There are 8 protein chains.
Amino acid sequence: MDIQSLNALLRAVSSGKTSVANAAEKLKNLSMEDIEYAHIDHNRSLRKGFPEVIFGEGKTADQIIGIMEKILVQEHVLLVTRVSPNKADKILPHFPEAEFYNDAGMIIWKKDTIPILGKGEILVISAGTSDIPVAKEAYLTAKAMGNEVGYLYDVGVAGIHRLFKHKELISNAAVLVVAAGMEGALPSVVAGLVDKPVIAVPTSIGYGASLGGLAALFAMLNSCSSNVAVVNIDNGFGAGYMASMINRV
Amino acid sequence: MDIQSLNALLRAVSSGKTSVANAAEKLKNLSMEDIEYAHIDHNRSLRKGFPEVIFGEGKTADQIIGIMEKILVQEHVLLVTRVSPNKADKILPHFPEAEFYNDAGMIIWKKDTIPILGKGEILVISAGTSDIPVAKEAYLTAKAMGNEVGYLYDVGVAGIHRLFKHKELISNAAVLVVAAGMEGALPSVVAGLVDKPVIAVPTSIGYGASLGGLAALFAMLNSCSSNVAVVNIDNGFGAGYMASMINRV
Amino acid sequence: MDIQSLNALLRAVSSGKTSVANAAEKLKNLSMEDIEYAHIDHNRSLRKGFPEVIFGEGKTADQIIGIMEKILVQEHVLLVTRVSPNKADKILPHFPEAEFYNDAGMIIWKKDTIPILGKGEILVISAGTSDIPVAKEAYLTAKAMGNEVGYLYDVGVAGIHRLFKHKELISNAAVLVVAAGMEGALPSVVAGLVDKPVIAVPTSIGYGASLGGLAALFAMLNSCSSNVAVVNIDNGFGAGYMASMINRV
Amino acid sequence: MDIQSLNALLRAVSSGKTSVANAAEKLKNLSMEDIEYAHIDHNRSLRKGFPEVIFGEGKTADQIIGIMEKILVQEHVLLVTRVSPNKADKILPHFPEAEFYNDAGMIIWKKDTIPILGKGEILVISAGTSDIPVAKEAYLTAKAMGNEVGYLYDVGVAGIHRLFKHKELISNAAVLVVAAGMEGALPSVVAGLVDKPVIAVPTSIGYGASLGGLAALFAMLNSCSSNVAVVNIDNGFGAGYMASMINRV
Amino acid sequence: MDIQSLNALLRAVSSGKTSVANAAEKLKNLSMEDIEYAHIDHNRSLRKGFPEVIFGEGKTADQIIGIMEKILVQEHVLLVTRVSPNKADKILPHFPEAEFYNDAGMIIWKKDTIPILGKGEILVISAGTSDIPVAKEAYLTAKAMGNEVGYLYDVGVAGIHRLFKHKELISNAAVLVVAAGMEGALPSVVAGLVDKPVIAVPTSIGYGASLGGLAALFAMLNSCSSNVAVVNIDNGFGAGYMASMINRV
Amino acid sequence: MDIQSLNALLRAVSSGKTSVANAAEKLKNLSMEDIEYAHIDHNRSLRKGFPEVIFGEGKTADQIIGIMEKILVQEHVLLVTRVSPNKADKILPHFPEAEFYNDAGMIIWKKDTIPILGKGEILVISAGTSDIPVAKEAYLTAKAMGNEVGYLYDVGVAGIHRLFKHKELISNAAVLVVAAGMEGALPSVVAGLVDKPVIAVPTSIGYGASLGGLAALFAMLNSCSSNVAVVNIDNGFGAGYMASMINRV
Amino acid sequence: MDIQSLNALLRAVSSGKTSVANAAEKLKNLSMEDIEYAHIDHNRSLRKGFPEVIFGEGKTADQIIGIMEKILVQEHVLLVTRVSPNKADKILPHFPEAEFYNDAGMIIWKKDTIPILGKGEILVISAGTSDIPVAKEAYLTAKAMGNEVGYLYDVGVAGIHRLFKHKELISNAAVLVVAAGMEGALPSVVAGLVDKPVIAVPTSIGYGASLGGLAALFAMLNSCSSNVAVVNIDNGFGAGYMASMINRV
Amino acid sequence: MDIQSLNALLRAVSSGKTSVANAAEKLKNLSMEDIEYAHIDHNRSLRKGFPEVIFGEGKTADQIIGIMEKILVQEHVLLVTRVSPNKADKILPHFPEAEFYNDAGMIIWKKDTIPILGKGEILVISAGTSDIPVAKEAYLTAKAMGNEVGYLYDVGVAGIHRLFKHKELISNAAVLVVAAGMEGALPSVVAGLVDKPVIAVPTSIGYGASLGGLAALFAMLNSCSSNVAVVNIDNGFGAGYMASMINRV
């Protein structure tokens, strides 16, 4: 039941066309539809800068094109994650405003410049060069959600001094995203240097006892720094999204 | 908002005391409270014979007594699971209608005889004598929920002929609950003998590679009989509850 | 030993051609063959509407064709699960009555319309669009076993209001099948809304810490709703089969 | 090297008492000590309202008293987590300003009223009554760190309507902490209702396939809502700390 | 139906008192009871030297006494495994022929000397002194089942020469049982020295990454010697039983 | 040091050419080489009918041909396991006496008829048709090692009566090998019917919670029948080898 | 800040151009850059014979060529690990001094002969022929780092006498690297023979319950010999590197 | 056969009392006993400073006293690990030269001062105060084995600057032992600062997702620094032993 129908019903009660009992009966069943309002609100808040997202893995180029066309009608920003270069080649010609970011496997479509809505800077740090795709996904997501975003490459704990050279950059960030595979130690070290929230993203980089990223995940969950929370393995998008949420609190 | 308030509001609209716009505004926020109705319905259905349950583990005797007193006001049947004999000794004196079933670690309180609501018989089978506490929990739960319930002890797969002696009993059941620890094979074998739904309950009985019941759990999930579904390890209550649900379909 | 041989033996005893001792000896060894009767009964019950099933994965198109030909002689319905489109293209020309359902990867062959044998409606719910193949397998299995079956798409817990819009549909179902990957939370939420049995099917949809469906599986086994039982990861067929069993109790 | 020594050295250079080469040599080795400054800064920021914490588990009452005495000299707030009532009885007499919170197993000592430093309200939600100790730890930590904190009990997904009754409370929070054991579904559902960051805390509540909280942990990491990040099992303190960090961004 | 009843029925047929049709009907349902014969045969073979066994863990002394009394009527040998000294003190006074073996936690009751039924010698080897309880259980079980049994202590792979000193003993055994915890390497090494079947028993001895015996279990399953098969962790009884079975082939 | 060198040294001592001290020194280091003798014995026992084996997986056809050529010089029987049809096509032309068994993925080469060395019959049982490759590997290995071997297909626990029809065959076997995937229940059931050693082989057949055969493996290790021992997942060769060892005890 | 800038600043203080306060302020922030010195030292130590390493897996030939070109300017030795023959074919033509080692999947480039820096001999032992790639990686790494390195093939525990033939070789080594898959028992046995440090490398060789090398890993961590430490599964490079470190202590 | 017997035999050959053939026969069987020599050698090397060790956990005070008395006759140093204060109180009165180290749970007995045999200094570092028992075990073991040993407390990665203050101490060590629980990141960070071998000891300190030390263990095995090797969880003794081995290379 939308707002028009509700008004019509109430007018009918008001004018005596519908009895109170009859209207009460109809309204008793209203509850579920009413939540629609929340849904609409939610959509609206999304349109204020939170992009819609399509998880590209396991979808064909044609399927992605179809979903994109349906969403673009009512959105200003749209992300497609986990897109291979091959798929991107097929998708991009249909959407002139879309751009493909090869290192993150991401397509970003936007109607116009995204206004900055986040309060501070989000800094995305990656431990090794192999973690870059995941970190880049976080970086681009945070950008598309209207944040100033900085980036620090390849500063893993095996050469901890590389990290310290950038202490100012690190201290200035309002929120930090740290992507690391293998032993997953970097988020703990970074979180020990700042008093800001750190979102840790384990990556599946490694072999053998890295258990597809579980070793890094468990290390991060056991961080001895308390300003660390963790998202799923390789979930760069989620980390960027969570950081954006935090940056608007 | 309860049904009285809703009627009052509509009458106010009907009589012109409240404007349509004003009422619409109020009703837009109605949704969450409305779900209350479902809540009330749900309670009512419970009172028709589905007992309330208190998970006794980790609660003191005093806490259990307190919760029981609060619930008994509006219920006809009440189960308390995972009660040690010591706790039972302290609880029972407060509730003359309550009974303690030592082998299942369960207290059952009821106002009067529970009417039979289930359509067929539920049969509870246990593989070994050590699985009896879990099986008994299922048995008593199904009884308390208004079912005819049968029971078959100690018919594990190491002596499969013991099972076959009771084929008629097995064939007559409408729903079966099968509790087994160790290799967890019994539900598959039973399910292969009947064309009725079998609820499998892995128990934590075993040692070493039984992994606290995970070995039995995984075996049951991989049953080559398709009429098997599984509940949590040692969850006799859940199995009896699910069987009761099925027996009323 | 079939019934004819048994009669012959007894007639020989009756007429004095065989001594009692001799016959007793023969009958002592009778037991195993006798179970054949059960076997025949079982087949008969299958023919009443419970279809035979071929697990297609890991079998070649030729192997599937061969098995189908052998079974079709004595069955009225036949399911083949986990069939790729390529295999289906090779199989279908041999069986004019067979149909391929691409989204479920299933071939269904039937001699004639399947009579409705289930008492109520089975409702199949899927959390995300990626869970559809598993949910569809459950849906088609339940259909082929003679049930009225409904279907609800894409109502995961991240947008719980989508679920509530369909509360009536949900309340009317006699049995529910809920397929979900990732965090596997939907069955618990659905089971909290109804007092009917819910069969939960974890799917392998997800990545990283979804552990190929184990995360969803464990979540479902730990459901705080007691009217939930679980089948193996991606086992849509088993869920549909179990739901059918329940719907005939 | 502290700031006095540095000034002395530079004055010596300025006055010609020390040669440039000599001073350069000394300063080359300065780096490690220099980080001391950061350390001091860090301490200062702590004194602004971020409390020191003692993990009480595995420490005797005497050990805790000793550590507390050393810390209290220079701090304004001090938390001790995981304290049993027995230990608390021995500790409290030594510290008149300290209070013991039995349901969270926590001692909080503070010199004076903690000023509110967080921007919005933090809301702590717990799924079941058994999750309260963990949720309470988060609640008290966030309070002690200078936040307005709300609390919502016992709103698990098995009765999802209980949650919806409090939608306004939920929508008004700036940051949410959600503690849940068993299937760990609540954070996903809550996160689907708001566009605020949600910190999920799995608890070890459950049995059998709950795997000591791992089932809840994995469910939360696989949340289909993107505004969820996770801390270690039972880590209520960490969740409250992280939420405070976010609330000051 | 026992053999007397069967004879009676056949005599009734023979004498014309019962019709063929009537008897056929009764015999058609005979199968399940008939398996009783197998049961009886099975018991008889047991009495020939294969002892009955009571798993003592989790049973009270009184329960064990009760079960023992029931079994002793018809058996010649009886084992009770996993008995604590305390329980043994209560049990032994009731059974003068019973003996308690402290290092294996086992009670053995026997009517008279057990005849040797095994063909060769069974050799039980233990890797470390901590593995002795498990190894001793295997040793005593094999003895009680009528075998010549040898024993080799403390010959783990960290000092492999200790093993080689006993090569003759090892070569002479017909079947070997090897118990080892920690890295579980000993069965592989022993099996490489002989061309006899080796039953490997992982023990739960170890700490940390020994995972309660799983590390040893997996090592043994991956043995690069092909004459190794494995029983459950700490299952000394099973290893002794299996070795006895093999020794009679 | 071979036997010639030893004699030479002793003759030198005898003739006084070498001092006692000098010879003692040399002999002190003799130990390791001496074990060579054992090695030779071992080879001899192999040549009496225990075949050499090449694990074909991960080796190219050329590598297998090379190794075969080297071994064939001194052996009478040779097995190659895990060979694909493609590789077999390349290998067979080089060895006229070799045969490829497609369903087991095995090549067997033998100089002449293998004499029967085992005492009784080995019976290989497989639960499902998908377990046949593993069971066939066990069957062919046992044959090649000089045993009478029987075979029983497709008698899984979902239709347990199929197993009972063959009770005589089962009772007559001296050793049994039982291969099963999924829930891995068959070995327990079979072992409950006989008093002979049963070698259980878990197979990787299954999906989802079968965990690549671990579910079956754990079920078998927890067998409530004590005459069961287990080999590695899919290790048909090992099972056949172990059964042969047992059959010669 | 490099050493020139530091001198310039101090000269400015010395000459009065910069005030002490001003310089102190600048130097307070010096710390992070200062660590650069350490970095340079580190590089220098590398140039003394410790090679740079590129992990080749997941990088294209072009990417590897690019990184190699950048590194070669300032290094004397360079390793590329996990290179397929195809990639090697594309890479080698660009670097005349580089060599490809097919069995280890490694490219080694060096300017000139590597001087021997290690004190004793490193001995690399592999259990089976399938472990050779990992063992070879360790061997080549240790060579490239300036060590005398020996090699022992195919001496697994199933034929332990093969190992003993080489006892002298084993006793003479200063450090040992032992690579083994399957049950991972070899390092324990070797470590029991010597009083030298043993670096154990589990390999992913095996199937079924080898769990991709985890079975071997856990066995090695549980070694009952205390002179064993372990590196990641298949990490031949790390083992060779660690052994080199030890050989220079 | 001991060295006296060997000499006697050779003298008999030399004097013609024993024929060459006869002596050859005896010596052919010598091999296994010969390894005794190695054993003796091994013992001797132990007496040069490598202590004997008794694992105290699970042994009674009386058992430990008994074993100690037997060993002390022929050793100069003796360690007993994992001793509770209660047991120590009972053990110490029997051995005046023994000392109990409460924080490490260790008894050390020595005849006289242990000579320094290690070449450089071993540095033991612990991440948190809770890791001290494990680190102390390593420290005392290395001391007892004749090394100069340093110690650094409580320098975990959450406050990485604490570590850097001790850079000189760290750089001067020849071998490092690093004990850490929770996320286990410290060994990686330390190893990145030095070019010396680092032995990493995971501890079981932590809760929830620390999995009893497995999280730290896996993190350490995945260290991105190559100069790290790992021992079992809580195995401080093994780490100290391995470090001593390395320090004598």
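Quick notes on the rules
Residues numbered from 1 in each chain as written. Chains lettered and ligands numbered in written order. Predicted model: local features only at pLDDT ≥ 70, side-chain atom pairs only at ≥ 80, totals over all residues. Heavy atoms only, no water. Helix = DSSP H or I, 4+ residues; strand = E, 2+ residues; numbered from the N terminus. Buried < 20%, exposed > 50% of the residue type's maximum accessible area, 1.4 Å probe, protein only. Areas by Shrake-Rupley, 256 points an atom, 1.4 Å probe, with all protein chains shown as cover. Phe/Tyr/Trp six-rings, centres within 6.5 Å; stacked < 30°, edge-to-face > 60°. Lys NZ or Arg CZ within 6 Å of the ring centre and 35° of its normal. Least-squares fit on C-alpha atoms with pLDDT ≥ 70 in both. Polar contact = N/O pair within 3.5 Å; in protein donor to acceptor, adjacent residues only side chain to side chain. Contact = heavy atoms within 4.5 Å. Buried area = accessible area lost by both parts, 1.4 Å probe. Salt bridge = Lys/Arg side-chain N within 4 Å of Asp/Glu carboxyl O. Nonpolar A, V, L, I, M, F, W, Y, C, P; charged D, E, K, R; others polar. pLDDT = per-residue confidence, 0-100. Axes fitted to C-alpha atoms, helices over the stretch in contact; angles between N-to-C directions. Left-handed = near helix turned anticlockwise from the far one by under 90°. Pairing = 2+ DSSP bridges. 1 Å grid on protein atoms, 1.4 Å probe; cavity = no way out; pocket = protein on both sides within 12 Å on 5 of 7 lines; lining within 4 Å. Points joined across faces, edges and corners; volume = space filled by probe spheres on them.

Please set out the overall build of chain A residue by residue, giving values where relevant.
Looking only at helices and strands, chain A features 11 helices and 9 strands. Sorting the 249 residues of chain A into buried and exposed places 62% on the buried side. For chain A, the accessible surface area stands at approximately 9,000 Å², while carbon and sulfur atoms represent 51% of it.

Any details on the packing of aromatic side chains? Residues and values, ideally.
Tallied over the full model, the rule gives 40 aromatic pairs over all chains. Considering the side-chain rings of Phe237 of chain D and Tyr241 of chain D, the 5.7 Å spacing of their centres and the 50 degrees angle between planes classify their relative orientation as tilted. Separated by 4 residues within a single helix, Phe237 of chain D and Tyr241 of chain D lie in helix H11 (residues 236-247), roughly one turn from each other. The burial state of Phe237 of chain D is the same as that of Tyr241 of chain D; both residues are buried. Taken together, a centroid distance of 5.1 Å and an interplanar angle of 90 degrees make the contact between Phe164 of chain E and Phe164 of chain G edge-to-face. Highlighted residues: Phe164 of chain E in helix H7 (residues 160-164) and Phe164 of chain G in helix H7 (residues 160-164), drawn from two different chains. Side by side, Phe164 of chain E and Phe164 of chain G carry an identical accessibility label, which is buried. Put simply, the rings of Tyr139, Tyr151 and Tyr153 of chain A touch in pairs and so form one group of aromatic residues. It is Arg82 of chain B that lies over the ring of Tyr207 of chain D; its NZ or CZ is 4.2 Å from the centre.

If you had to explain the relation of the copies chain E and chain B to someone new, which residues and values would you point to?
Between the two copies, chain E and chain B, the superposition gives an RMSD of 0.4 Å; the rotation angle is 90 degrees and the shift along the axis is 0.2 Å. Between the two chains, the operation in question is that of a four-fold axis. The position closest to the rotation axis in chain E is occupied by the C-alpha of Leu211 of chain E, lying 7.4 Å away.

Lay out the side chain of Arg82 of chain G with the relevant residues and their values.
By secondary structure assignment, the location of Arg82 of chain G is in the loop between strand E2 (77-81) and helix H5 (85-91). Engagement of the side chain of Arg82 of chain G in a polar contact is seen with the backbone oxygen of Asp234 of chain G, the distance being 2.9 Å. Arg82 of chain G has contacts with Tyr207 of chain A together with Phe55, Gly56, Glu57, Gly105, Glu137, Asp234 and Asn235 of chain G, leaving out every residue within four places of it along the chain.

I'd love a proper account of the interface of chain E and chain B, names of residues and values included.
Contacts between chain E and chain B engage 12 residues on the former and 8 residues on the latter. For the pair chain E and chain B, the summed buried surface comes to about 980 Å²; carbon and sulfur atoms form 69% of the total. Where chain E touches chain B, the interface holds 0 salt bridges. Where chain E packs against chain B, one counts 3 residue pairs in polar contact (both at pLDDT 80 or more). It is helix H3 (residues 31-47) of chain E that contributes the most residues to the side of chain E that touches chain B, 4 residues altogether. The residue makeup of the side of chain E that touches chain B, split by class, is 6 nonpolar, 3 polar and 3 charged.

Provide a residue-level description of the interface of chain A and chain D, including the pertinent values.
On the side of chain D, 30 residues touch chain A, which itself brings 30 residues to the contact. Note on chain A versus chain D: buried area summed over both sides is about 2,500 Å², and carbon and sulfur give 72% of it. When the buried area of chain A at its contact with chain D is split by residue, Leu221, Met242 and Val249 of chain A rank highest and sum to 23% of it. Linking chain A with chain D are 0 salt bridges, by the criterion used here. Where chain A meets chain D, there are 3 residue pairs in polar contact (both at pLDDT 80 or more). Contributing elements (two or more residues each) for the side of chain A that touches chain D: helix H3 (31-47), strand E8 (198-202), helix H10 (214-221), strand E9 (228-230) and helix H11 (236-247) of chain A. Broken down by class, the residue content of the side of chain A that touches chain D amounts to 20 nonpolar, 7 polar and 3 charged.

A description of the confidence of the model for chain A should follow, citing residues and the corresponding values.
Residue and element names in this part refer to chain A. Mean pLDDT over chain A: 85, with 88% of residues reaching 70 or higher. Below pLDDT 50 for its whole length, residues 29-48 participates in 39 contacts with residues either more than four positions away or in separate chains. Under the prediction, the complex receives an ipTM of 0.82, its pTM being 0.86.

Lay out the relation of the copies chain A and chain D with the relevant residues and their values.
Between the two copies, chain A and chain D, the superposition gives an RMSD of 0.4 Å; the rotation angle is 179 degrees and the shift along the axis is 0.1 Å. The symmetry that links the two subunits is that of a two-fold axis. Judged by C-alpha distance, Val230 of chain A is the residue of chain A that lies nearest the rotation axis, at 2.5 Å.

Go over the packing of helix H6 (residues 132-144) of chain D against H11 of chain D with me, naming the residues and quoting the values.
Residue and element names in this part refer to chain D. Interaxial distance between H6 and H11 falls to 7 Å at its minimum, and their mutual angle equals 35 degrees. Two packed elements cross with a definite hand, and for H6 against H11 that hand is right-handed. In this structure, H6 contributes Val134, Glu137, Ala138, Thr141 and Ala142 to the contact, and H11 contributes Gly236, Phe237, Ala239, Gly240, Tyr241 and Ser244.

Just give me the short version of the sheet that holds strand E2 (residues 77-81) of chain A, but keep the residues and values in it.
Residues and elements named next belong to chain A. Pairing is mixed across the open sheet formed by 4 strands, whose spatial order is E1-E2-E4-E3. Two strands in the sheet have a free side with no partner beyond their single neighbour: strand E1 (52-55) and strand E3 (98-101). Pairs of neighbouring strands in the sheet enclose a mean axial angle of 15 degrees, with direction left out of account. Looking at chain direction, E3 and strand E4 (residues 106-110) are connected through 4 bridges and run antiparallel. The partner of Phe100 across the bridge, within E4, is Ile107. Its contacts with the sheet put helix H6 (residues 132-144) on E2, E3 and E4, and the angle it makes with E4 is roughly 10 degrees.

So, empty space enclosed by the protein: which residues are in play, and what are the values?
Going through the model one piece at a time under the given rule, you end up with 1 cavity of 30 Å³ or more. Within this model, the largest cavity holds a volume of roughly 70 Å³. Forming the walls of the largest cavity are Met220, Leu221, Ser223, Ser225, Ser226, Val228 and Val230 of chain E together with Val230, Val231, Asn232, Asn235 and Gly238 of chain F. Going through the elements one at a time, helix H10 (214-221) and strand E9 (228-230) of chain E are the ones with two or more residues in the lining of the largest cavity. Among the residues making up the lining of the largest cavity, the classes are represented as 6 nonpolar, 6 polar and no charged.

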